[in-house]
Amino acid sequence: SVKNKLEHDWVAALIRSELFTGTQTLLSEQMLAYRKGYGEYSNVHTSLFINETILARKFFRDRLEKYIYRLTEEIISSLKRNIPVGFSGEDTISKVRAVFDSYEFRTRFIEDVEIRKAFNFGKVTGLKDSGSESFYIYSELGECEFGERLKDKEINLKNISLEDVPPFHAKCSYTVVKNLP
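Basis of the calculations
- Residues numbered from 1 in each chain as written.
- Predicted model: local features only at pLDDT ≥ 70, side-chain atom pairs only at ≥ 80, totals over all residues.
- Heavy atoms only, no water.
- Helix = DSSP H or I, 4+ residues; strand = E, 2+ residues; numbered from the N terminus.
- Buried < 20%, exposed > 50% of the residue type's maximum accessible area, 1.4 Å probe, protein only.
- Contact = heavy atoms within 4.5 Å.
- Areas by Shrake-Rupley, 256 points an atom, 1.4 Å probe, with all protein chains shown as cover.
- Pairing = 2+ DSSP bridges.
- Core = buried A, V, L, I, M, F, W, Y, C linked by side-chain atoms within 4.5 Å.
- Polar contact = N/O pair within 3.5 Å; in protein donor to acceptor, adjacent residues only side chain to side chain.
- Disulfide = S-S within 2.5 Å.

Q: Hey, could you run me through the overall build of the chain in this one?
A: A tally of regular secondary structure across the chain gives four helices and three strands. Secondary structure elements of the chain, listed N to C terminal, follow the sequence α-α-α-β-α-β-β. Overall, the C-alpha framework of the chain stretches about 65 × 35 × 25 Å when taken along its three principal axes. In the chain, which comprises 181 residues, the proportion classed as buried is 38%. Partitioning the intrachain contacts of the chain with sequence separation of at least 6 by distance along the chain shows that 76% fall at a separation of at least 24. Within the structure as shown, the chain displays about 11,100 Å² of accessible surface, and the carbon and sulfur contribution to it stands at 55%.

Here is the structure:
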């Protein structure tokens, strides 16, 4: 119905607004991590770094927007599943709080992955800008199936994207190295 569509849109807008506010801090942390990673292999005091930073920021922002829209829909769906019509005010508040608490826990994992990914993306961009042609993915723990497939293999920097650098998920311990230890 039109009323349900309006309620869905209003709730979605409110959730997205809150998530966008929170992602501004994450985006700042990503940019700091990117700069630190880049600085391991290249000079951060150049116009090349500034140009690379503009591109990286766009990549990070686009990726965060995808998370926001997906999480918004998941939260709305969870609210609909967990709060039946006719619930009392107190019951509704506790259910809503529980739904948001579960997603807050999940967003902490997302933040951790995205900051580590930004650091590693900075490293590969710095490597490329310093003239390197390849890198390796390395972990002392090495228990990630994605990382295991790439472990000890030289990876070409020519067409590298943000998706190609670790971590590949919240428990991934792989990182980028110029040379294998």
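The discussion continues.
Q: Just checking my understanding: could you explain the sheet that holds strand β1 (residues 134–138) for this structure?
A: Pairing between the strands of a sheet is mediated by backbone hydrogen bonds and can be parallel or antiparallel. With antiparallel pairing, three strands are arranged side by side in an open sheet as β2-β1-β3. The open sheet has two edge strands with one neighbour each: β2 (155–156) and β3 (175–177). Where β1 lies against β2, two bridges are found, and the strand directions are antiparallel. Bridge pairing in β2 places Phe 135 opposite Ile 155.

Q: Would you mind showing me how to read the nonpolar core here?
A: Soluble globular proteins: nonpolar side chains tend toward being buried together. Counting residues in hydrophobic clusters, the biggest one holds 40 residues, and the most contacted among them are Tyr 34, Phe 60, Phe 121, Val 124, Phe 135 and Ile 160. Of all elements in the fold, only α1 (2–39), α2 (47–82), α3 (89–129) and β1 reach the threshold of two or more residues within this core. Among the elements that line this core, the one with the most residues is α2, at ten residues. Residues in contact with Phe 60, not counting those within four places in the same chain, are Leu 27, Gln 30, Met 31, Tyr 34, Ala 118, Phe 121 and Leu 162.

Q: Would you mind going over the side chain of Ser 139 with me for this structure?
A: Tracing the backbone through its elements, the reader meets Ser 139 in the loop between β1 and α4 (145–150). A polar contact of 3.1 Å, which involves the side chain of Ser 139, links it to the backbone nitrogen of Leu 141. Polar contacts involving the side chain of Ser 139 include one to the side chain of Ser 173, which spans 2.6 Å.

Q: Could you clarify how one ought to interpret unusual backbone geometry in this entry?
A: Most peptide bonds adopt trans geometry, and most residues besides glycine take a negative phi value. Cis geometry is found at the peptide bond from Pro 166 to Pro 167, where omega equals 0 degrees. Considering the arrangement of structural elements, one finds Pro 167 in the loop between β2 and β3. Here Asp 152, not a glycine, exhibits a phi torsion of approximately 65 degrees, which is positive. With respect to the secondary-structure elements, Asp 152 resides in the loop between α4 and β2. You can call Asp 152 partly exposed: its relative accessible area is 48%.

Q: I would appreciate a short explanation of the state of the cysteines in the present structure.
A: Throughout the structure, instances matching the rule amount to zero disulfides. Residue Cys 144 stays outside any disulfide, its sulfur separated by 3.8 Å from that of Cys 172, the closest cysteine. Assessed through its relative accessible area of 2%, Cys 172 is described here as buried.

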